[in-house]
Amino acid sequence: MLRGLLVAAPVLLLPAVAAAADPYKVKLVPFKLEAKLEGAFEPPMLTEVRIDPKRWLQFVVETAVPHGTRVGKGDVLVTVETDKIDEQIRELEMGGRLADLAHGLLEREVQLLAKSTPLQLEQARQSQRIAAEDLKRYEEKEAAQAAALNDMQLKFRQFSRENSEEELEQLEKMYEQDDLTEESEEIVLKRARFEAAAAQFFEKLARSEHERNVALDLPRRLDSIRRASLAATLGLEQAEAALPVALERAKLELEKSTNDRRKAAENLAELKADRKRMPITAPTDGVVYYGRWRNGKWTDSEIAAGKLRDGGQLDPRETVITIVSPGKLAVRSGVPEKDVARVPVDAPARVVPKAFPDTRLKAKVRSVSAVPVGNGRFEAVLDLVAEDPRLVAGMEAEIRVTAEQKAEALAIPKKAVFADDLDDDQRFVYVVAAGKEPVKRTVAVGRSNEELVEITAGLTIGEEILLEKPSASKPAEAAKANEPAKAAETPKPADAAKPAEPAKAEAAAAPKPEPAKDAAPAAAAPAATGETK
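Residues numbered from 1 in each chain as written. Predicted model: local features only at pLDDT ≥ 70, side-chain atom pairs only at ≥ 80, totals over all residues. Heavy atoms only, no water.

All right, on to the overall build of the chain then. Helix and strand counts for the chain stand at 8 helices and 22 strands. Split into buried and exposed, the 533 residues of the chain put 33% on the buried side. If you take every contact in the chain between residues at least 6 apart in sequence, the share linking residues at least 24 apart comes to 78%. Just so you have it, the chain exposes about 33100 Å², and 54% of that area is on carbon and sulfur atoms. (Helix = DSSP H or I, 4+ residues; strand = E, 2+ residues; numbered from the N terminus. Buried < 20%, exposed > 50% of the residue type's maximum accessible area, 1.4 Å probe, protein only. Contact = heavy atoms within 4.5 Å. Areas by Shrake-Rupley, 256 points an atom, 1.4 Å probe, with all protein chains shown as cover.)

Put into structure tokens, the structure is as follows:
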């Protein structure tokens, strides 16, 4: 007995090399791969009620149905002021009638211009041609004829005077010799004298006229004909430039008038269509919710309530009311990127409403978004198997989606699997056997949850593994620890077996100490078995 106690003493002195904890025995265990999510209940159909006007932008609320009201299709949801839009419709109708009258006049003007423009152009060309011909003829022929006529008229008057004076002179000589009575002579001579005086006067007048023609009239006539020809040429150029443009401009104004009338008619039609949207009615049966449903939550409810009060202003294309249609609720949830693989389509799930924590609802994953809907977040929709009348849209819920479930799987605690320091993809465990040092063994791992990891290769059922890395042993410390055992006598196998068993049990139960930086490792295996070297 004494020798047995002496042999067991080194075991009691070496708690540092004892196992830190009981090893884990590899066995088949239930394995479940699931994702824990949070979501909200939503109805199968939501209908957003918003104003989509074409023209009118002023929507001042007079009355609105309260939040939570059950309505039928066509029921009035919101009444708004209509005085201003009615007045604008009347003004547009009156403006349209005036535009029709103006358009008719413009059409008639275009028709007349289309007929008159060619005639005016031809007239301008004819006037220019005549003026050019007149100028050419006058310069080539009529100017000389006018000058000759002017000279001839003066000569004629001069000849007439001379003839009258000569005739008077001959009469006076004749009457001095004949025996005519004094009375006859006086009559003839009086006439001759008058004609002579008149001839003198007309000669004088013709000379003055001749001088005027030479100095003024003939040059002026030539200048006038030249200016008339130039004016006709310019008139033709102006007509050719302006008349087609005027016609084209009138056509464009007619086209613009047509377009303006079309736009005015469209504006009037759109305004009347906007007017028909007043009051705002329910597009479907359901329950009135203020605000919008976004990503499983009601948003802007308070803002919508403020706008739906008497005198509130609604903005076009803004959703302030949502109609929740009756039907089986679904669940919408945000899925973190790390859990996307654990939420496959058609996977079963369990839904627990936060309002009724004792209720368990079965569900199935309907869809998962193919791309993120936010930073590191995907979106999943789950269908409930059965309805619960207590649930309403917007209630929150806790969700557990089961991606995989096995009644028996070779799985071990995650903390028992270690990664290689040089190869992070390499996984290993420490396999232990009675009376031997732990053995590092490479394993192949499969899927894992928060506690367990599947082992696909490298371990068999019944083997034992460590849950923590073993402490490293140093030869020097092990030799120092074995010095008392060397001094003792070697016990007989039968005698040493009995005292060694308590020491082995105490060593197995002893906690695993952290190795000191300066201490040498001790040999644990010989101490545990009571053998000496």
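For the rest of this paragraph, the subject is the nonpolar core. Formed by 25 residues in total, the largest nonpolar core has its most connected members in Leu 77, Val 78, Val 288, Leu 314 and Ile 321. Elements with a contribution of two residues or more to this core: strand E4 (59-64), strand E6 (76-80), helix H2 (83-177), helix H3 (182-276), strand E8 (286-290) and strand E12 (319-324). Counting residues in hydrophobic clusters, the runner-up holds 21 residues, among them Val 343, Ala 363, Ile 399 and Val 401. (Core = buried A, V, L, I, M, F, W, Y, C linked by side-chain atoms within 4.5 Å.)

By volume, the second largest pocket is sized at about 310 Å³. Lining the second largest pocket are 18 residues; nearest its centre among them are Pro 326, Gly 327, Leu 329, Leu 391 and Val 392. Within the lining of the second largest pocket, the residues separate by chemical class into 12 nonpolar, 2 polar and 4 charged. (1 Å grid on protein atoms, 1.4 Å probe; cavity = no way out; pocket = protein on both sides within 12 Å on 5 of 7 lines; lining within 4 Å. Points joined across faces, edges and corners; volume = space filled by probe spheres on them. Nonpolar A, V, L, I, M, F, W, Y, C, P; charged D, E, K, R; others polar.)

Note that strand E2 (residues 28-42) and strand E13 (residues 330-336) share 4 bridges and pair antiparallel. Bridge assignment links Gly 39 to a residue of E13, and that residue is Ser 333. Across 7 bridges, the pairing between E13 and strand E16 (residues 377-384) is antiparallel. In the sheet register, Gly 334 faces E16, and the bridge partner there is Glu 379. (Pairing = 2+ DSSP bridges.)

All chains considered together, the criterion is met by 6 aromatic pairs. A centroid spacing of 6.0 Å and a plane angle of 35 degrees characterise the contact between Phe 418 and Phe 428, whose relative ring orientation is tilted. On the criterion of sequence distance, the pair formed by Phe 418 in strand E18 (residues 418-419) and Phe 428 in strand E19 (residues 427-432) is long-range, its members being 10 residues apart. On the basis of relative accessible area, Phe 428 is assigned to the buried category, the value being 3%. With a centroid separation of 5.6 Å and an interplanar angle of 85 degrees, the aromatic rings of Phe 428 and Tyr 430 are classed as edge-to-face. For Tyr 430, a relative accessible area of 13% gives the class buried. The structure contains a cluster of three or more aromatic residues connected by ring pairs, namely Tyr 289, Trp 293 and Trp 298. (Phe/Tyr/Trp six-rings, centres within 6.5 Å; stacked < 30°, edge-to-face > 60°.)

Overall, the coordinates contain 40 salt bridges when judged by the stated rule. Notably, a salt bridge pairs Glu 162 with Arg 161, separated by 3.7 Å at the nearest N-O pair. Residue classification places Glu 162 among the partly exposed residues on the basis of a relative accessible area of 38%. Classification of Arg 161 as buried rests on a relative accessible area of 17%. Residue Glu 404 pairs with Lys 406 through a salt bridge whose shortest N-O separation is 3.4 Å. Counted as one network, the salt bridges with shared partners bring together Glu 48, Arg 50, Asp 52, Arg 292 and Arg 294. (Salt bridge = Lys/Arg side-chain N within 4 Å of Asp/Glu carboxyl O.)

This part is about the pairing of E6. Of all 5 residues that make up E6, 4 are buried, and the element is covered over most of its length. As judged from the 3 bridges shared by E4 and E6, these two strands associate in the antiparallel manner. Bridge pairing in E6 links Ala 64 to Val 78. Summarising the sheet, E6 and strand E7 (residues 280-281) pair through 2 bridges and their orientation is antiparallel. Among the inter-strand pairings, Val 76 is bridged to a residue of E7, identified as Thr 281.

Across the chain, the average pLDDT comes to 82, with 83% of residues at 70 or higher. Every residue in residues 1-19 is under pLDDT 50, and counting partners more than four places away or in other chains gives 34 contacts. (pLDDT = per-residue confidence, 0-100.)

Locating Thr 359 in the fold gives a position in the loop between strand E14 (348-353) and strand E15 (361-368). Side chain to side chain, Thr 359 and Arg 390 meet in a polar contact 2.8 Å long. (Polar contact = N/O pair within 3.5 Å; in protein donor to acceptor, adjacent residues only side chain to side chain.)

Looking now at the sheet that holds strand E11 (residues 313-314). Read across the open sheet, the 4 strands follow the order E7-E6-E4-E11; overall the sheet is antiparallel. At either margin of the open sheet sits one strand with a lone partner, and together these are E7 and E11.

Here we take up the sheet that holds E8. Working definition: the strands of a sheet are paired by backbone hydrogen bonds and lie parallel or antiparallel to each other. On the basis of which strands lie adjacent, the open sheet formed by 4 strands has the order E3-E12-E8-E5 and antiparallel pairing. This sheet does not close on itself; its edge strands, each paired only once, are strand E3 (46-50) and strand E5 (70-71). Taken together, the 4 bridges between E8 and E12 define a ladder with antiparallel strand orientation. Of the residues in E12, the one forming a bridge with Val 287 is Val 324.

Residues Glu 62, Glu 81, Asp 83 and Asp 310 make up a contiguous surface patch of negative charge. Along the chain, the position of Asp 310 falls in the loop between helix H4 (301-307) and E11. (Patch = residues over 30% accessible without salt bridge, like charges linked within 9 Å, V, L, I, M, F, W, Y side chains within 5 Å. Lys, Arg positive; Asp, Glu negative; His and termini not counted. Charge placed at Lys NZ, Arg CZ, Asp CG, Glu CD.)

With glycine set apart, most residues show a phi of negative sign, and most peptide bonds adopt trans. Residue Pro 279 is bonded to the preceding Met 278 through a cis peptide linkage, with omega at 0 degrees. Looking at where Pro 279 falls in the secondary structure, it is placed in the loop between H3 and E7. The phi angle at Asp 300 is positive, at roughly 60 degrees, despite the residue not being glycine. A relative accessible area of 41% places Asp 300 in the partly exposed class. Residues other than glycine seldom take positive phi values, yet Asp 346 does so here, at roughly 75 degrees.

For the rest of this paragraph, the subject is the environment of Leu 410. Tracing the backbone shows Leu 410 in strand E17 (residues 396-413). Judged by relative accessible area, Leu 410 falls into the buried class, the value being 18%. Between the alpha carbons of Leu 410 and Leu 459 there is a distance of 8.6 Å; along the sequence they are 49 residues apart. Leaving out residues up to four positions away in the same chain, Leu 410 has contacts with Val 26, Lys 27, Leu 28, Val 453, Glu 454, Ile 455, Leu 459 and Ile 461.

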